[in-house]
Amino acid sequence: MKKEKKNLKLYGKLMCPITIGKSAIFAAGGQIYHTSCVVALHEQDDEHIHFETINTHYHLSIRPFPLAAVCPLPVSLAACA
């Protein structure tokens, strides 16, 4: 008997790009999530990402932070002297 995986639908932002074989890290609802290993990336666009881990299907709406999913490098402001 095969156990069905959970489906989680959240609003948040990715802390780093999704990589198959590694954990996903994202912020949603005021919490930081660190998932089990990603086994598949099903969908990704500017406003939504659907990926699957060993235990769960994640549907992450990344509005209003769409660049978190497409920008592999962190962006920060620097002060000039």
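Residues numbered from 1 in each chain as written. Predicted model: local features only at pLDDT ≥ 70, side-chain atom pairs only at ≥ 80, totals over all residues. Heavy atoms only, no water.

Draft legend 1. Fine view of the overall build of the chain. Scanning the chain for helices and strands turns up one helix and five strands. Counting helices and strands in the order they occur from the N terminus, the chain gives β-β-β-β-β-α. Residues counted as buried form 30% of the 81 residues belonging to the chain. Counting contacts in the chain only where the partners sit at least 6 residues apart, residues at least 24 apart contribute 31% of the total. Entry remark: accessible area of the chain is about 6000 Å², with carbon and sulfur atoms responsible for 59%. (Helix = DSSP H or I, 4+ residues; strand = E, 2+ residues; numbered from the N terminus. Buried < 20%, exposed > 50% of the residue type's maximum accessible area, 1.4 Å probe, protein only. Contact = heavy atoms within 4.5 Å. Areas by Shrake-Rupley, 256 points an atom, 1.4 Å probe, with all protein chains shown as cover.)

Draft legend 2. Structural view of the side chain of H50. Within the secondary structure, H50 sits in strand β4 (residues 48–53). Within the structure, the side chain of H50 is placed 3.1 Å from the side chain of H57, a separation counted as a polar contact. Ignoring any residue separated from it by four or fewer positions in sequence, one finds H50 in contact with L41, H42, E43, H57, Y58 and H59. (Polar contact = N/O pair within 3.5 Å; in protein donor to acceptor, adjacent residues only side chain to side chain.)

Draft legend 3. Representation of the pattern of salt bridges within the structure. One pass over the structure, following the stated rule, counts one salt bridge. A salt bridge links E52 to K5, with the nearest nitrogen and oxygen atoms 2.5 Å apart. Residue E52 is found in strand β4, and its partner K5 is found in the segment before β1 (6–14); the two are separated by 47 residues along the sequence. According to the relative accessible area criterion, K5 is partly exposed, its value standing at 25%. (Salt bridge = Lys/Arg side-chain N within 4 Å of Asp/Glu carboxyl O.)

Draft legend 4. The nonpolar core, seen in detail. Grouped together as the largest cluster of nonpolar side chains are twelve residues: L10, L14, I18, A24, F26, A28, V38, I49, F51, Y58, L60 and I62. Secondary structure elements with two or more residues in this core: β1, β2 (23–28), β4 and β5 (56–61). For this core, the leading source of residues is β2, giving three residues. (Core = buried A, V, L, I, M, F, W, Y, C linked by side-chain atoms within 4.5 Å.)

Draft legend 5. Spotlight on the pairing of β5. Taken across its six residues, β5 has six buried, putting it largely inside the fold. Burial along β5 is two-sided: T56, Y58 and L60 and H57, H59 and S61, pointing in opposite directions, are all buried. Bridge count between β1 and β5: six bridges; the pairing is parallel. Counted as the bridge partner of L10 is L60 from β5. The turn linking β4 back onto β5 is made up of two residues. (Pairing = 2+ DSSP bridges.)

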